[in-house]
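Analysis of the macromolecular model
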Amino acid sequence: MSNKTITFKILRQDGPNHPSYWETFVIPYLPNSNVISCLMDIQKNPINSEGKKVRPVVWDCNCLEEVCGTCTMVINGKTRQSCSALIDKLMQPITLQPLSKFPVVRDLAVDRSRMFEALKRIKAWVPMDGYHDLGPGDKILPDHQGVAYKLSECMTCGCCVEACPQYSRDNNFVGAAAISQARLFNMHPTGKLIANERLDSLMDDGGIAACGNAQNCVEVCPKSIPLTESIAEMGRQSSKRFWKTLFQI
């Protein structure tokens with residue numbers, strides 16, 4: 001059996017209003033493991049580097065294939081999904097921190113409700129008045145489909161807002177993910193029926209004007225979604241909406 005080990009430094013917090021502290025764990029190395037599998041090993045035997053038994057580390061995860069975004073955390077200073085963070089590609093000691101832009105529930109688990117509230121605010125859905133047959137829909141060209149499909153890959157993981165200098169706990173900026181979803185639903189043949197309501201929301205306080213165009217969001221997006229293109233497009237649509245409203249065109 002290999003004598004190699006993996007060292008983790010985890011920023012822990014016992015509850016929402018408790019102080020945070022660092023705790024180190026050293027576990028046996030297993031080839032091809034990822035951060036999640038190592039956290040599972042720590043959970044099974046929660047003994048820190050001082051040999052003291054502590055309470056198990058808490059974190060969120062679900063799909064384990066970088067689709068749900070639930071396991072997003074800050075790994076070695078970079079925000080990413082822990083399910084796709086392979087140990088062999090990480091420098092040691094491996095530091096794990098919760099996302100800093102959301103309230104900590106416990107240890108690495110955070111409350112990302114604000115992101116889902118932002119989706120409600122910009123009405124990120126297709127309005128329906130029933131399930132009766134409405135006949136064939138609009139023909140959608142392949143180029144349109146390609147853009148929409150890419151935008152639809154957003155998993156609301158929080159990477160973009162974690163890297164955004166304008167998104168903080170003391171403001172109400174909706175963030176790049178919500179702006180990009182507004183673009184997606186404004187492109188939809190039925191979703192665009194309430195396009196102006198989305199634009200009005202984006203022109204409100206905490207909307208698109210709060211973006212400082214730092215462009216960090218597009219650099220860290222694990223799905224390579226063209227977030228800056230979405231922000232530019234929604235800025236154009238919002239400006240058009242503003243001038244039309246101003247002159248009642």
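Residues numbered from 1 in each chain as written. Predicted model: local features only at pLDDT ≥ 70, side-chain atom pairs only at ≥ 80, totals over all residues. Heavy atoms only, no water.

Digging into helix H5 (residues 176-187)
Along its 12 residues, H5 runs 17 Å from first to last C-alpha, staying within 8% of the 16 Å computed at 1.5 Å per residue. H5 sits mainly inside the fold: 12 of its 12 residues count as buried. Taken together, the buried positions of H5 are occupied by Ala176, Ala177, Ala178, Ile179, Ser180, Gln181, Ala182, Arg183, Leu184, Phe185, Asn186 and Met187. Buried residues along H5 sit against helix H2 (113-121), helix H3 (142-152), helix H4 (159-163), helix H6 (195-202), helix H7 (216-220) and helix H8 (227-247). (Helix = DSSP H or I, 4+ residues; strand = E, 2+ residues; numbered from the N terminus. Expected span 1.5 Å × (residues − 1). Buried < 20%, exposed > 50% of the residue type's maximum accessible area, 1.4 Å probe, protein only. Contact = heavy atoms within 4.5 Å.)

Description of the state of the cysteines
Scanning the entire structure with this criterion turns up zero disulfides. The thiol sulfur of Cys61 is not disulfide-bonded, and the nearest other cysteine sulfur, from Cys71, lies at 6.8 Å. The class for Cys61 is partly exposed, based on a relative accessible area of 32%. With no disulfide of its own, Cys83 lies 3.7 Å from the sulfur of Cys71, the closest cysteine sulfur. (Disulfide = S-S within 2.5 Å.)

A short note on the packing of H5 against H6
Relative to each other, H5 and H6 sit at 165°, their axes nearing to 10 Å. With respect to H6, the element H5 is oriented roughly antiparallel. Along this stretch, H5 crosses H6, giving a crossing that reads as left-handed. Of the residues in H6, those touching H5 at Ile179, Ala182, Phe185 and Asn186 are Ala195, Arg198, Leu199 and Leu202. Here the contact of H5 with H6 is composed, by residue class, of six nonpolar, one polar and one charged. (Axes fitted to C-alpha atoms, helices over the stretch in contact; angles between N-to-C directions. Parallel < 35°, antiparallel > 145°, perpendicular 65-115°, else oblique. Left-handed = near helix turned anticlockwise from the far one by under 90°. Nonpolar A, V, L, I, M, F, W, Y, C, P; charged D, E, K, R; others polar.)

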